[in-house]
Amino acid sequence: MKNALMSVPEAAGRIRAGAVLMIAGSEQALKALPAGSWIGGTSVYFVAADGGRMDKDNVFVTELDMARDSRCQYLSTGDLHNLTKDRFDSGLSLIILPGMSAAHQEFALHGASYRGLFDAPLMGWISGVHLDDLGTGVPKVIDGGTGRMYEDGAVLLHVRLPAGQVADLDIVNLFVQDRSAPRITFAQDGFSAHHAFVDGQKVDFADWVARNGIDTQLPLVADYAGAMINVSFQSVDAENGRVDFYAPVIAGMEYRQAKSPGAYADVFAASVTGDGTAEISCNCILNYLYGKLEGHTTGSFTGPATFGEIAYILMNQTMVRLSVRAEQASQVA
Amino acid sequence: MTTPSDDVLTRTILGDKELKGASLATRILVTHLRREASVDPACLQDKVTELRAFFAKNPFAVNDLRTL
């Protein structure tokens, strides 16, 4: 794996050389790239080797130099449930969905039920826009095979690995449940909620968040058999009794608010091992913002700052990492 | 390691045991199956079958069996 922030001409050179790539950048930059074996999505925030930065001119390129074969694919929202059908027998799939699109909603709500989803690594992210353009800009994805750009649906890059090689997909989540915080559950799945049950008591959730001075920079955290999975607050509208999230809350799952991890970059450096230069990774735009990553690094782990992260399912405020190694050494998939 | 019995898989789905050291795929899948079985207890046997098929199909998950 090779990760680098590079100019559009440099990225075009890698594409023309036949490299298999995943690319993040501004819409203008992505549109300027030639067709080839790549997929892309809009984000202008990056955690580069020299620190976090906003950059509309350059693109962040991850090269899958171990790929033995690849195919790009666009799937409409209605076909998303087929996303595992065209993958290679031995490999991995990368995916990018446009933020706030119907595909984003569909995948977040139903992806875990797609046939065979957990049989091979599915890693990716949600595209976004410059934060000044929230509400007006439209996140996009691009199928580099055709050069077509989309506001809905998903682009996938299926990759075949060499014999004896497997991909490890995992997450780095610095947030853990605050065990002293109340237990929160919801009656319905969704990206928004009017009511919640707080320690079993039904409440107007927006009102409860406001009255209790909840720090909405700290996500709700669910315990998935020991894996901490976040749902981040997007907005709290106490007047209309509505809380919006960046990923769906799931009915019946028990959430607690997270403890503050402390200074993100420092805690990250102290707790994450491995060589990020040999992995694909992406980190959440909220970690970039709340964790004040602009100008700061996350060690050797570089990649786009994204508007939702995918490690099989949608995640928030999480770094997703994928590496490739010899089969006998693999501990996770 | 052989695939565990239906009893073990059933206990895994009905329980809330932390699968310490298991792969991310196994942890998310088991949690997903637990939730589905909780919402619709009549589908429990289907979820056991689904979990059995996952372990049978995926060599990477074999190491996870010891966490059940």
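Residues numbered from 1 in each chain as written. Chains lettered and ligands numbered in written order. Predicted model: local features only at pLDDT ≥ 70, side-chain atom pairs only at ≥ 80, totals over all residues. Heavy atoms only, no water.

## As for the interface of chain B and chain A
Size of an interface: often given as the accessible area lost when the parts come together. Between chain B and chain A, the residue contacts involve 19 residues of the former and 23 residues of the latter. Between chain B and chain A, a total of about 1800 Å² is buried, with carbon and sulfur atoms accounting for 63% of that surface. Considering only the surface of chain B that becomes buried against chain A, Leu24(B), Ile28(B) and Arg35(B) emerge as the three largest contributors, covering 36% of it. Taken together, the connections running from chain B to chain A amount to 2 salt bridges. The salt bridge partner of Lys57(B) is Asp119(A), with a shortest N-O separation of 3.0 Å. If you look at where chain B meets chain A, you find 9 residue pairs in polar contact (both at pLDDT 80 or more). Only helix H2 (24–39) and helix H3 (44–57) of chain B provide two or more residues apiece to the side of chain B that touches chain A. Taken together, the residues of the side of chain B that touches chain A sort by class into 7 nonpolar, 5 polar and 7 charged. (Contact = heavy atoms within 4.5 Å. Buried area = accessible area lost by both parts, 1.4 Å probe. Salt bridge = Lys/Arg side-chain N within 4 Å of Asp/Glu carboxyl O. Polar contact = N/O pair within 3.5 Å; in protein donor to acceptor, adjacent residues only side chain to side chain. Helix = DSSP H or I, 4+ residues; strand = E, 2+ residues; numbered from the N terminus. Nonpolar A, V, L, I, M, F, W, Y, C, P; charged D, E, K, R; others polar.)

## Quick notes on unusual backbone geometry
Residue and element names in this part refer to chain A. Positive phi outside glycine occurs at Met 100, with the angle close to 65°. Mapped onto the secondary structure, Met 100 falls in the loop between strand S8 (91–98) and helix H3 (102–110). Owing to a relative accessible area of 52%, Met 100 belongs among the exposed residues under this scheme. Residues other than glycine seldom take positive phi values, yet Ala 225 does so here, at roughly 55°. Tracing the chain through its elements places Ala 225 in the loop between strand S18 (220–224) and strand S19 (227–231). On the accessibility criterion, Ala 225 (4% relative accessible area) is buried. (Buried < 20%, exposed > 50% of the residue type's maximum accessible area, 1.4 Å probe, protein only.)

## Re the sheet that holds strand S26 (residues 313–315) of chain A
All names here are of chain A. Here we have 6 strands laid out as an open sheet, ordered S7-S12-S8-S9-S25-S26, and mixed in their pairing. One side of each edge strand has no neighbouring strand; the edge strands of this open sheet are strand S7 (69–75) and S26. Pairwise comparison of adjacent strand axes, ignoring direction, gives a mean angle of 20° for this sheet. Judged from the 6 bridges that link them, S8 and strand S12 (residues 154–160) form a sheet pairing that is antiparallel. For Leu 92, the partnering residue across the bridge sits in S12 and is Val 159. (Pairing = 2+ DSSP bridges. Axes fitted to C-alpha atoms, helices over the stretch in contact; angles between N-to-C directions.)

## A look at the domain arrangement of chain A
Residue and element names in this part refer to chain A. Domain parsing of chain A yields domain 1 (2–172 + 264–329) and domain 2 (184–257). On a C-alpha basis, the centroid separation for the pair domain 1 and domain 2 is 27 Å. The partner domain 2 presents 15 residues to the 14 residues of domain 1 that form the contact. For the domain 1 and domain 2 pair, buried surface summed over both sides reaches about 1300 Å², with 60% attributable to carbon and sulfur atoms. Counting the surface domain 1 buries against domain 2, the share from its top three residues, Tyr 290, Asn 316 and Gln 317, is 38%. (Domains from an automatic or database assignment.)

## Observations regarding the sheet that holds strand S5 (residues 51–54) of chain A
All names here are of chain A. Spatial ordering of the open sheet is given by S5-S4-S24-S23-S27-S13, a layout of 6 strands whose pairing is mixed. The sheet is open, and its two edges are formed by S5 and strand S13 (165–172), each paired on a single side. Recorded for the sheet is a direction-independent mean angle of 25° between the axes of neighbouring strands. Note: strand S23 (residues 280–284) against strand S24 (residues 303–306), 2 bridges, orientation parallel. Residue Cys 284 lies in a different strand from S24, and its bridge partner there is Thr 306.

## Topic: helix H1 (residues 6–14) of chain B
Residues and elements named next belong to chain B. All of the buried residues along H1 are Leu 9, Thr 10, Thr 12 and Ile 13. Within H1, the buried residues cover an arc of 160° as seen down the axis, which keeps them to one side. Opposite the packed face of H1, turned more than 90 degrees from it, sit the exposed residues Asp 7, Arg 11 and Leu 14. Summarising the contacts, the buried residues of H1 are in contact with H2 and H3. (Arc of directions from axis to C-beta.)

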